[in-house]
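Structural overview
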Amino acid sequence: MKALVTGGAGFIGSHVVDKLIENGYEVVVVDNLSRGKKENVNKDATLVVADIRDEKTIEELFKEHNFSYVFHLAAQASVSVSVKDPVEDANVNIIGSLVLLKNSIKYGVKKFIFSSTGGAIYGDDVDIFPTPESVFPKPISPYGIAKFSFENYLRFAKKEFGLNYTVLRYANVYGPRQDPFGEAGVVAIFTMRMLNGEDVIINGDGEYIRDYVYVEDVADANLRALKAGDGMEINIGTSQGTSVNQLFDYLKKITGYTKDPVYGPPRKGDIRKSLLCYTRALEELRWKPKVDIEKGLRLTVEWFKRNFKA
Ligand SMILES: O=c1ccn([C@@H]2O[C@H](COP(=O)(O)OP(=O)(O)O[C@H]3O[C@H](CO)[C@H](O)[C@H](O)[C@H]3O)[C@@H](O)[C@H]2O)c(=O)[nH]1
């Protein structure tokens with residue numbers, strides 16, 4: 001069975017590729033290497049350096065490979081970039097996704113597995129925690145709006161053309177290979193700074209709660225979606241809340257960092273709390289998180305030590 005993984009040189013995508021190969025799938029990766037790295041790509045996968053918006057190249061790939069499955073993880077992944085440049089965000093996250101959708105329909109893909117967001121889709125006036133999928137999305141950033149928009153195109157494609165799909169809505173994913181630079185996640189930033197003995201900045205009071213899910217658990221959910229969760233949106237999170245202050249303390253202990261945090265101004269638009277209910281993932285995919293926050297942080301720190309020596 002052949003699978004296409006878009007964004008397969010990136011943080012989450014490369015872990016999905018590893019798991020697919022472990023399980024005997026043949027894998028083609030499409031990645032424009034804007035954020036992804038060649039060295040993340042499993043040596044048994046075929047890497048094609050291309051942009052998902054390049055209609056000609058993408059169609060040729062579908063024609064040549066006859067993919068059974070498409071895992072779509074290529075994205076403009078930054079919420080703040082989407083706020084600054086919603087046109088670019090929509091170009092990648094909606095138009096690029098539609099190029100893949102069109103070809104998946106035309107070339108008879110068995111299933112399309114889409115990486116969406118649980119952290120940015122429900123918005124900030126949610127009062128049910130952990131948040132289930134029955135809460136109607138009210139995204140408040142172009143990034144969340146684009147992700148939700150493409151979820152709707154998938155529903156359309158299933159109804160109109162019979163394309164099977166699963167949407168996975170991720171909580172805050174962390175772990176090995178997360179890029180600590182630029183618009184990175186907090187775990188990668190803190191880990192890198194602590195290992196380098198640099199100041200760590202906590203935005204606001206540090207009581208912002210997130211649901212941190214380990215990247216290998218997320219890759220496992222993708223594999224499970226090959227055979228289950230048809231036509232559904234499924235949250236992938238832990239339902240366990242961790243504040244930025246707690247995260248700081250965990251990482252301080254693991255890395256042996258000696259400084260205190262530097263408290264900065266609150267980040268504009270920061271959601272106070274995000275926590276996902278994973279009951280549907282449990283029922284439909286038989287998925288639950290296996291790696292708790294403390295173990296996941298330890299594994300992450302070990303990886304950063306080996307790969308990002310100061
Ligand atoms: O140096 C830092 C970096 C972050 N934070 C705080 O840490 C929390 C988490 O921030 P992230 O940027 O890691 O994650 P967000 O919850 O803002 O989530 C966004 O970034 C994620 C990256 O992991 C995902 O892309 C997610 O979908 C998107 O909503 C926030 O309160 C933030 O203010 C700090 O205090 N200091």
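Residues numbered from 1 in each chain as written. Predicted model: local features only at pLDDT ≥ 70, side-chain atom pairs only at ≥ 80, totals over all residues. Heavy atoms only, no water.

An unreviewed UniProt entry lists the protein chain under the name UDP-glucose 4-epimerase, with Thermosipho japonicus as the source organism. Quoted verbatim from the Sequence similarities (unreviewed entry) field of the UniProt record, the comment on the protein chain reads "Belongs to the NAD(P)-dependent epimerase/dehydratase family." (UniProt positions renumbered as here; feature names shortened; annotations may be inferred.)

This paragraph deals with the sheet that holds strand 3 (residues 46-49). Pairing is parallel across the open sheet formed by 7 strands, whose spatial order is 3-2-1-4-5-6-11. Of all the strands in the sheet, the pair left with one neighbour each is strand 3 and strand 11 (232-236). Direction aside, neighbouring strands of the sheet carry axes that sit 20° apart on average. Two elements, strand 2 (residues 26-31) and strand 3, share 4 bridges in a ladder whose sense is parallel. (Pairing = 2+ DSSP bridges. Helix = DSSP H or I, 4+ residues; strand = E, 2+ residues; numbered from the N terminus. Axes fitted to C-alpha atoms, helices over the stretch in contact; angles between N-to-C directions.)

All right, on to the domain arrangement of the protein chain then. In many analyses, interface size is given as the accessible surface area lost on bringing the parts together. By domain assignment, the protein chain separates into domain 1 (2-173 + 212-239 + 280-285) and domain 2 (175-210 + 240-275 + 291-307). With centres defined by C-alpha atoms, the gap from domain 1 to domain 2 works out at 25 Å. In this assembly, 25 residues from domain 1 lie in contact with 23 residues from domain 2. Regarding the contact of domain 1 and domain 2, the summed buried area is about 2100 Å², with carbon and sulfur atoms giving 53% of it. When the buried surface of domain 1 facing domain 2 is broken down by residue, Phe129, Tyr212 and Tyr214 rank first, second and third, together holding 37% of it. Scanning the region where domain 1 abuts domain 2 turns up 2 salt bridges. With a closest N to O distance of 3.5 Å, aspartate 179 and arginine 35 form a salt bridge. Where domain 1 meets domain 2, there are 7 residue pairs in polar contact (both at pLDDT 80 or more). At the level of secondary structure, the elements contributing two or more residues to the side of domain 1 that touches domain 2 comprise helix 1 (11-22), helix 3 (79-84), strand 7 (172-174), strand 10 (212-214) and helix 7 (215-224). Per-element tally for the side of domain 1 that touches domain 2: the top contributor is helix 1, with 4 residues. (Domains from an automatic or database assignment. Contact = heavy atoms within 4.5 Å. Buried area = accessible area lost by both parts, 1.4 Å probe. Salt bridge = Lys/Arg side-chain N within 4 Å of Asp/Glu carboxyl O. Polar contact = N/O pair within 3.5 Å; in protein donor to acceptor, adjacent residues only side chain to side chain.)

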